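Summary of structural features
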Amino acid sequence: MLTYNMDVEPRSQWLRTTPGALALAQPFYCTEAGRFYGRGQFSTARTDKESYILFYTRRGAGLIEQNSTQVLLPEGQALLLNCRTPQSYCTAPGQPCWHHDWVHLDGAGVRALEELLIPGRLCPLPISPALLPEFDTVLSRLEQSDAASVVAVGLALHTLLAGLAAVRLESTAPTGSRALIGQAADYIRTHYAEELDLDKLLQIAPMSKSHFLRVFREQMGTTPYNFLLCTRMTQAKELLVMTDLSVGAVAARVGFSSESNFSARFSAMTGQSPLQYRKSIANRP
């Protein structure tokens, strides 16, 4: 169910499109977008919609509510919201206007960023002025629907959300904690062939275990163990391509004591056995 009071200036835009196969294949695609010059009585309430919505306030402020939580979205800030849960938004009380850009979007890329940009709560974030032309790209090309426009809109959405994700990552941990996580990641990159455990990493980045694991996942996008595995597999690919070492020797070089364990891990993470990977690279022109 959708109810709204379209108290907006006549120059406002509301654009719609029906995504085709190419758009739906993109990690980010758009179904609706607009630039609303909302006045004092502008409001919308919705029970559900199969998409996310990205807001950006150009002037004034909006008030957004979901799950009994209200947040103010002032000028210069953006917010991603999952519309699958009831929500409402309006010109903030006491504000004469809410001039804002909005985009209904979806796709695997948005879902992958949900945990970061909607961390169990509404999360307004400042947005760099350098990103604002991306909203113009969405509005100018959304209704064209040709292949080039579909790709351009998807890239604009990706750029916007990536910019917000960078701001969010900078705000999730103090500078000192981020630096320590960087040192721990560098240690893994250098000592990947050694036996590494969490206690060793906590010597590099002294903090509580729970805090280390949380900040590492936020900053690196995965757990320390999976980061170690990915580093080992990347080095294994290099050895398989650039040397004639046996699979067992490669396994030992990257920190595996068992060739069978290495081969099973490699296959699970790449979709090929080590020998299949070596052969596929060798056969490329």
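Residues numbered from 1 in each chain as written. Predicted model: local features only at pLDDT ≥ 70, side-chain atom pairs only at ≥ 80, totals over all residues. Heavy atoms only, no water.

On to the packing of helix 8 (residues 224–242) against helix 10 (residues 259–270). The interhelical angle for the contact between helix 8 and helix 10, taken along N-to-C directions, is 95°, at an axis separation of 11 Å. Considering the angle they form, helix 8 stands roughly perpendicular to helix 10. Residue-level inspection shows Y225, L229, C230, M233, A236, K237 and L240 of helix 8 in contact with helix 10, the latter providing F262, R265, F266, M269 and T270. Looking at the contact of helix 8 with helix 10 residue by residue, the class counts come to nine nonpolar, one polar and two charged. (Axes fitted to C-alpha atoms, helices over the stretch in contact; angles between N-to-C directions. Helix = DSSP H or I, 4+ residues; strand = E, 2+ residues; numbered from the N terminus. Parallel < 35°, antiparallel > 145°, perpendicular 65-115°, else oblique. Contact = heavy atoms within 4.5 Å. Nonpolar A, V, L, I, M, F, W, Y, C, P; charged D, E, K, R; others polar.)

This part is about the pattern of salt bridges. A complete count under the given rule lists 11 salt bridges for this structure. For R189, the salt bridge identified is with D186, shortest N-O distance 2.6 Å. Pair noted here: R189 and D186 are both in helix 5 (residues 175–191), with a separation of three residues, about one helical turn. As a salt-bridge pair, R214 and E218 come within 3.2 Å of each other at their nearest N and O atoms. With R214 and E218 both in helix 7 (residues 209–220), this residue pair falls four residues apart, about one helical turn. If you follow the salt bridges from partner to partner, you end up with R35, R58, D101 and D136 in one network. (Salt bridge = Lys/Arg side-chain N within 4 Å of Asp/Glu carboxyl O.)

Okay, helix 2 (residues 108–117) next. What helix 2 keeps buried is the set G109, V110, L113, L116 and L117. Projected down its long axis, helix 2 shows its buried positions confined to an angular sector of 105°, all on one face. Exposed side of helix 2, more than 90 degrees from the buried face: A112 and E115 are the residues found there. (Buried < 20%, exposed > 50% of the residue type's maximum accessible area, 1.4 Å probe, protein only. Arc of directions from axis to C-beta.)

For the coordinates displayed, the defined rule picks out 15 aromatic pairs. Measuring from ring centre to ring centre gives 4.7 Å for F55 and Y89, while their planes differ by 65°; the resulting arrangement is edge-to-face. On the criterion of sequence distance, the pair formed by F55 in strand 5 (residues 52–66) and Y89 in strand 8 (residues 87–91) is long-range, its members being 34 residues apart. Given the relative accessible area of 6%, Y89 is considered buried. (Phe/Tyr/Trp six-rings, centres within 6.5 Å; stacked < 30°, edge-to-face > 60°.)

In globular proteins that are soluble, nonpolar side chains generally tend to be buried together. Within the largest apolar cluster, 32 residues are counted, with the highest numbers of intra-cluster contacts made by L54, L80, L105, I127 and L161. For this core, the secondary structure elements donating two or more residues are strand 3 (29–39), strand 5, strand 7 (77–82), strand 9 (97–106), helix 2, helix 3 (133–141) and helix 4 (147–172). Excluding residues within four positions of it along the chain, L161 makes contact with F28, L54, L80, L105, V110, L113 and L117. Counting 29 residues, the second-largest nonpolar core is a separate cluster that includes L201, A236, V250 and V254. (Core = buried A, V, L, I, M, F, W, Y, C linked by side-chain atoms within 4.5 Å.)

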